[in-house]
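Spelled out from the first residue to the last, the chains are:
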Amino acid sequence: MPAVLIVEDEPRLAEPLMFALEREHFAVTHVTLGEDALDAVNTQPFDLMVLDVGLPDLSGFEVLKTLRQYSALPVLFLTARQDEVDRILGLELGGDDYVTKPFSPREVVARIRAILKRTVAKPGADSEPLWHVDASGCQVLFRQAPLSLTRSEYRILTALVQRPGQVFSRAQLLDICDSDEDSFERSVDTHIKTLRAKLRPLNGEHLIVTRRGLGYLLDSP
Ligand code: CA
């Protein structure tokens, strides 16, 4: 049963689509915010995302950009405006298709089927993501190799991977660790050091960058 994540803030559009997909035996999850969509992708597996461009918090473009740093999940955009269509067509980020509003739920279901057929037909396509966070197994894969991480390392790395390019202060990372054993900012440095050591055999240690006086970030290649 293919799992579809619908990211759409307007109930009158989301509900008929959910109904149509469920009738066709898709497993459907619905969220209304971009942040929630990114969280959902990191906590459960999906086969496809239906993504509204105009969301109340992040734009669909921002969601896709972040998603593409660690996931090749197929994305079908929902858009209301011609200028958005132009942008989708010009995207190098790789949205897989789009549907303009108003749409018929049947059409969207047909598009979804077509995309899934395509993406299933080419396993291991050339756009393998560098990082993959497997939240259910508390694992991070780098170049498809699972990293053996402690709990704090996992939490730090997941935060960095989900927001590539964003600088996290040691205090923020300490918060993210949320562990009694890590009560000093210095322990964050230790975790970063061991993370780099674990990435070194895979030629990835340079991706965790130190910003002196500020903190750490993940370089997006
Ligand atoms: Ca909207």
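What you see is a predicted model, and the numbers here were worked out from it, not measured in a lab. (Residues numbered from 1 in each chain as written. Predicted model: local features only at pLDDT ≥ 70, side-chain atom pairs only at ≥ 80, totals over all residues. Heavy atoms only, no water.)

What follows is about the sheet that holds strand 3 (residues 48–52). Spatially, 2-1-3-4-5 is the arrangement adopted by the five strands of the open sheet, whose pairing is parallel. Two strands close off the open sheet at either side, each with one partner strand: strand 2 (27–31) and strand 5 (97–100). Between one strand and the next, the sheet's axes are offset by a mean angle of 20°, whatever the strand orientation. Bridge analysis of strand 1 (residues 3–7) against strand 2 gives five bridges, and the strand direction is parallel. Across the sheet, residue Ile6 finds its bridge partner in strand 2, namely His30. Strands in contact with helix 3 (residues 60–67) are strand 3 and strand 4 (75–79); relative to strand 3, the strand with the most contacts, it is inclined by about 150°. (Pairing = 2+ DSSP bridges. Helix = DSSP H or I, 4+ residues; strand = E, 2+ residues; numbered from the N terminus. Axes fitted to C-alpha atoms, helices over the stretch in contact; angles between N-to-C directions. Contact = heavy atoms within 4.5 Å.)

At the metal site, the calcium ion is ligated by Asp9 (OD), Asp52 (OD) and Gly54 (O), and these contacts range over 2.2 to 2.4 Å. Along the chain, the residues donating to the calcium ion are arranged with the sequence spacing D-x42-D-x1-G. With Asp9 in the loop between strand 1 and helix 1 (11–23) and Gly54 in the loop between strand 3 and helix 3, this residue pair connects regions lying 45 residues apart in the sequence. For Gly54, a relative accessible area of 44% corresponds to the partly exposed category. (Donors = N, O, S within 2.8 Å, 3.2 Å for Na, K, Ca; no water. Buried < 20%, exposed > 50% of the residue type's maximum accessible area, 1.4 Å probe, protein only.)

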